[in-house]
Each structure stands twice: as structure tokens, then as C-alpha cells.
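# Per-entry structural report
Chain by chain, the residues run as shown.
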Amino acid sequence: MRFLARIVLVFAAFSTTLCARASDALPASLLPQQEVAFAKDYLNRLKIRDFDHVKALIDPSIQNEVTDELLDKMSRIIYPGEPLAVEVVGSQIHIRDGQWSGNFTFDYQYAEGWLLASTALKKVDGGYRVIGFSARRTAASQRELNAFRWTGLSPLHYAALLCEVGFLLFMLVSFITCLRTKMLRRKWLWAIATLVGWGSFQFNWASGVLAYQWLSFQIIGMGATKSGPAAPWILATTLPVGAMLFWLRRPKLIAAYRAHQASVAGA
């Protein structure tokens, strides 16, 4: 039991750390260079208003939505001239039923300001088709906008952080208490149960948006992650239903153990 307790405590320490080491950029070795270059060139074609080329690569599924008016509007959003710097801040790849698709997001720095743009594409015979693209100006770089900070927080930020820390401590205290509680049987099952949570709650620290999924069971589902150096921190937590049930049942478990010990002593 002591060995199991040490494993759980070490795992909890790693899963709840808020200070993870992030590289300066997404590793180039992990990026599909050909697809990234294609996505970047497509956005550049949009900027220089090469609409014939842009429309020629549009997938038929969105062809009716991509009008000249839309392309004109989006091309005006992109700053003219060459950017001072470009960083790949998002790379998502999906393969479903043999169909490859990807979405690549770039953070552009221009002398006039910052731009966040993305291109979504899929592979077809002999090339690619664009299934989506976007561009919008931002007040600062994604690194700055998504940085973990303590200023300008809403009550929901503090509530999310309180639940993150409080639920974790509650699980760990319940786990250790369970190991120290004298009971007749199934102590190891109860110990594991104290670490089981119901539901998955994810809080975006940068945007303040809370997402949840009720049909989920997790073991110590607490932690803080980010998908890249420029991505926002996501706090994850789960409702400690196992620990709650243990404390509700604990008086009866102790009473049953004491009754058994009394009967053995009286025999």
C-alpha cells in the first residue's frame, strides 16, 4: 500500500504542474514541411489577390461559399508587404477512413500589427484541396495573448483554479485516509475509488471559456496543459465522486470492522 501511495503522489505531482517547459517554437521535425509550405503559399496568394489560383484550389464542398466579395474582403485583412516574422502556432492532422486532412495556423508579425491566419486542406490524387481558410488581425502575438497571467481575471478563473487545487487535495487526502482506515475487506478497491472522478471539465485560461463532458470517468483527471508554445493553458479537472462516496461510507466501514473485532475478541 505504501508503494501504491508513493506512485499516486508522484503521478499527481506531474499531472498538476502549471509550469511546463515549452520550446521556442513547434519542432520543425514534427511539422509536415510540404503541407505547411503549401498552406503558407496559399495565404500569400490570397494576399497578392491571385484569386484565380485561390479559387482553383478550393474543394467543391465549399466552392459555392467562396465568392469574389469574400476573397476581396479577406485579402484586405492581410497586411501588405513582407512580414517581419512568421511562426507556425498550430498544426493539426487527421486521418479518417484513409482520408488525410490538416489545419495549419500561422502567427504573422508585420510592421503594422499582428495577423493570425490558417489554411485547412486535404489530400487528393496528385495534390491538395483547400477546405477552409481564415485571417484576422490581433492585438498582439499569440504567445502574449495566451500567456498565463494573474491580471484581469474573472470570478470564473478563480473558481476554476480553486476546483483544480481543491479537488486534487481532496482526492489525495481521501486516498491516504483510506489506506489508514481499518476495514474488513476491499481496502484497495476503495483506495482506487477515491481517485476516480466523474466528468471532464476544461477551462481555457486565456479566453475564460469552460467546456465539459459529463460522460467521462477519469483517474486523477487534474492537470494543466498547452498544445504548443503559443497555445493557451487549459486547466482540466474532474468531480471527485469516488472520494465523496468513500467519506459517506467510511463510518459504516469502520463500524463493521470494530464489530468484527469485538466478536472475535468475545469468542
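For the structure itself, look to the data block above.
Residues numbered from 1 in each chain as written. Predicted model: local features only at pLDDT ≥ 70, side-chain atom pairs only at ≥ 80, totals over all residues. Heavy atoms only, no water.

A word on unusual backbone geometry. Despite not being glycine, D97 shows a phi value in the positive range, around 55°. For D97, the position within the fold is in the loop between strand 1 (85-96) and strand 2 (99-109). In this model, R186 sits at a positive phi of 60°, which is unusual for a non-glycine residue. Its location among the elements puts R186 in the loop between helix 6 (155-180) and helix 7 (187-193). The exposure class of R186 is exposed, given its relative accessible area of 52%. (Helix = DSSP H or I, 4+ residues; strand = E, 2+ residues; numbered from the N terminus. Buried < 20%, exposed > 50% of the residue type's maximum accessible area, 1.4 Å probe, protein only.)

Our focus in this paragraph is the layout of surface pockets. Space inside the second largest pocket adds up to approximately 190 Å³. Together, 13 residues line the second largest pocket, and A160, C163, F201, L210 and T237 are the ones closest to its centre. Here the lining of the second largest pocket is composed, by residue class, of 11 nonpolar, 1 polar and 1 charged. (1 Å grid on protein atoms, 1.4 Å probe; cavity = no way out; pocket = protein on both sides within 12 Å on 5 of 7 lines; lining within 4 Å. Points joined across faces, edges and corners; volume = space filled by probe spheres on them. Nonpolar A, V, L, I, M, F, W, Y, C, P; charged D, E, K, R; others polar.)

Regular strands place their side chains on alternate faces of the sheet. Here 9 bridges tie strand 2 to strand 3 (residues 114-124), and the two strands are oriented antiparallel to one another. The residue bridging D107 from the neighbouring strand is L116, located in strand 3. Counting the residues in the hairpin turn of strand 2 and strand 3 gives 4 residues, including G113, whose phi is positive at 160°. Looking at chain direction, strand 3 and strand 4 (residues 127-138) are connected through 11 bridges and run antiparallel. Within strand 4, the residue paired with A117 across the bridge is A135. Between the end of strand 3 and the start of strand 4, which pair antiparallel, lie 2 residues, with G126 showing a positive phi angle near 85°. (Pairing = 2+ DSSP bridges.)

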